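Examination of the molecular architecture
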Amino acid sequence: MDTSLVMYIAAGGLLLIGSAGIVMSSHLVRIIFGIALLEAGANLLLLLASFREGATAPIIVDGHVPAIMADPVPQALVLTAIVIGVGILALALSLAIRVQRAYGTLDMREIRDRMAQEIADTASIDRPISSHAPLPVDVTSVPSPSEGKG
Amino acid sequence: MRRFTSALFLLGLGVLIAAIYQKMGFHASGSNVGQAINAVAADQLGAANFVTSVVLGYRGLDTLMELTILFTAATVVALVLGRRKPSAKRDPDAGFVLQAGADLFFPLLLIVGLYIILHGHLTPGGGFQGGVILAAAFFVPVLARPGTSIDHGWARLVEGLAGASFIFIGLLAMLEGKSFLTPPPGQGELGALFSAGTLPLLYIAVGLKVGAELAGLLAHLSETEAAE
């Protein structure tokens, strides 16, 4: 099988797995890991955009100029993107630490519920509940089977 | 219901990626900027590594902005996590193996990091990669002995001086009437350690800044006290 085809499938797969982690999981740390995977997929795709058959790294060694050299622009772009990715990851994790300290949980459903409750309390109104809203998550008691899912 | 909409979204994203692949075409770069740079970079900048030429020569301003983003991220992490309570419990020191390993690795990591930074214009590597290794050199001892920490004052000083010298080198070009960060003429012999004009100096500044910033950032994350 063609090596670059495998790489393309890997890049698309990483993008899909990262997005799946973001939209489908409700744990904050898993969402952050999803973002990290998504970044890896995007970086791989950027590098593949400059792929050339039989090309070597764009570096002159001992005055010998290679016949075909890879495009250095996407490589430089990815180099900076990786560093920015590290910064974003650290920032997201530190915000997750703050959320954990403030709410004592990292479950997005519960955090969303608590935030809506706090906003309603601050505005001293009853929390509006639409008929389409998911059922509030109650952590203190294990939900009985009859309650069902939202 | 939520699972269903998520699956639908992912299916749509998959189709979109497939469509991009279709348009992109395999083995064909739509841009010839890279080939043009490969043809002239050795004469214009004198760096054997063309990726370095792009990062510091052709898009030096982008690199400065990117350092600014990293600086902002590190500052906000310090701001968000706040100062540690002196009374907070610390993790116990690691075992003998990890402590001895951290001591053993510190000089090695330091040398490898500095080597990669100094040879950034000749071999794969440079300020960003070497800076991360420098950060690891200073952070691994913190992992082995959580009671100690890196000196944040020193980290901030190195970081500030490195960032200022990057801008200062850029401003030097403006004194001669050229635009910001233009490399000076006279690059030296291609492939020699002292070559490529100001590019190695810029990479040293980048490496020290990235190293100090990441070490401070990791130390802040590890110093955070656990929730009660």
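Computed from a prediction, not measured in an experiment: that's the story for all the values here. (Residues numbered from 1 in each chain as written. Chains lettered and ligands numbered in written order. Predicted model: local features only at pLDDT ≥ 70, side-chain atom pairs only at ≥ 80, totals over all residues.)

Thoughts on the environment of B:Val51
Inclusion rule: Strands are runs of DSSP state E lasting at least 2 residues, helices are runs of H or I lasting at least 4, and numbering of each runs from the N terminus. To sort residues by exposure, count the other C-beta atoms lying within 10 Å of each residue's C-beta; 20 or more gives buried, 12 or fewer gives exposed, and values between give partly exposed, all with C-beta atoms placed from the backbone. What counts as a contact here is a pair of residues whose C-beta atoms, placed from the backbone, lie within 7 Å.
Residue position: B:Val51 is located in helix H3 (residues 50–58). Given 28 C-beta atoms within a 10 Å radius, B:Val51 is considered buried. With 66 residues separating them along the chain, B:Val51 and B:Ile117 place their C-alpha atoms 14 Å apart. When sequence neighbours within four positions are dropped, the list of residues in contact with B:Val51 reads A:Pro58, A:Pro72, A:Gln75, A:Ala76 and A:Leu79.

Observations concerning the nonpolar core
What counts is decided by this rule: Each nonpolar core comprises buried Ala, Val, Leu, Ile, Met, Phe, Trp, Tyr and Cys residues, the members being joined through C-beta atoms within 7 Å.
Residues B:Val54, B:Ala135, B:Leu202, B:Val206 and B:Ala215 are the most contacted members of the largest nonpolar core, which totals 58 residues. Looking at this core, the elements that each hand over two or more residues are helix H3 (72–103) of chain A together with helix H2 (33–45), H3, helix H4 (60–81), helix H5 (96–118), helix H6 (127–144), helix H7 (152–175) and helix H8 (199–223) of chain B. By residue number, the principal contributor to this core is H8(B), which donates 14 residues. Excluding residues within four positions of it along the chain, B:Ala135 makes contact with B:Gly211, B:Leu214, B:Ala215 and B:Leu218. Judged by nonpolar contacts, the second largest core, of 5 residues, contains A:Ala11, A:Leu15, A:Leu38 and A:Leu45.

Observations concerning the packing of helix H2 (residues 28–48) of chain A against H3(A)
Residues and elements named next belong to chain A. We count it as follows: Where helices are involved, their axes are fitted lines through C-alpha atoms of the stretch in contact, as for all axes, and angles between N-to-C directions lie from 0 to 180°. These descriptions rest on fixed angle ranges, namely under 35 degrees for roughly parallel, over 145 for roughly antiparallel, 65 to 115 for roughly perpendicular, and the rest for oblique. Note that Gly is not counted as nonpolar here; it falls among the polar residues with everything else outside the nonpolar set of Ala, Val, Leu, Ile, Met, Phe, Trp, Tyr, Cys and Pro and the charged set of Asp, Glu, Lys and Arg.
Between H2 and H3, whose axes approach to 10 Å, the crossing angle comes to 175 degrees. With respect to each other, H2 and H3 are oriented roughly antiparallel. Taking contact as the criterion, the partners of Leu28, Val29, Ile32, Ile35, Ala36, Glu39, Asn43, Leu46 and Leu47 in H2 are, on H3, Pro74, Gln75, Leu77, Val78, Ala81, Ile82, Gly85, Leu89, Ala92, Leu93, Ala96 and Val99. Of the residues contributing to the contact of H2 with H3, the split by class is 17 nonpolar, 3 polar and 1 charged.

What to know about the packing of H5(B) against H8(B)
Two numbers describe how H5(B) lies on H8(B): the axes approach to 9 Å, and their chain directions differ by 145 degrees. For the pair formed by H5(B) and H8(B), the contact residues are B:Gly113, B:Ile117 and B:Leu118 on the first element and B:Pro200, B:Tyr203, B:Ile204, B:Gly207 and B:Gly211 on the second.

Some points on the interface of chain B and chain A
Taken together, the contact pairs 43 residues of chain B with 42 residues of chain A. Of all elements in the fold, only helix H1 (2–24), H2, H3, H4 and H8 of chain B reach the threshold of two or more residues within the side of chain B that touches chain A. Looking at the side of chain B that touches chain A element by element, the count peaks at 10 residues for H4(B). Across the side of chain B that touches chain A, the residue classes tally to 29 nonpolar, 11 polar and 3 charged.

Comments concerning H3(B)
Structural remark: α-helix, 3.6 residues per turn; residues separated by three or four positions point the same way. Counting buried positions along H3(B) gives 9 out of 9 residues, so the element sits mostly inside the fold. The inward-facing, buried residues of H3(B) contact H3 of chain A together with H2, H4 and H8 of chain B.

Some thoughts on the confidence of the model for chain A
Put simply, the rule reads: As a per-residue measure, pLDDT tells how confident the predictor is, with possible values from 0 to 100.
Put simply, chain A has an average pLDDT of 81, and 83% of its residues get 70 or more. Looking at the elements of chain A, mean pLDDT is at its lowest for helix H4 (residues 108–122) of chain A, recorded as 86, and at its highest for H2(A), recorded as 91.

Digging into H3(A)
Selection rule: What a helix is expected to span follows from its residue count: subtract one and scale by 1.5 Å.
Between its first and last C-alpha atoms H3(A) spans 46 Å; for 32 residues at 1.5 Å apiece the expected length is 46 Å, and the two agree. A:Gly104 occupies a position one or two residues after H3(A) and carries a positive phi of about 75 degrees.

Some thoughts on the environment of B:His220
All names here are of chain B. The residue His220 is located in helix H8 in this model. Sequence-wise, His220 and Pro124 are 96 residues apart; in three dimensions their C-alpha atoms are separated by 30 Å. With residues near it in sequence (within four places) discarded, His220 still touches Val77, Ala78 and Leu81.

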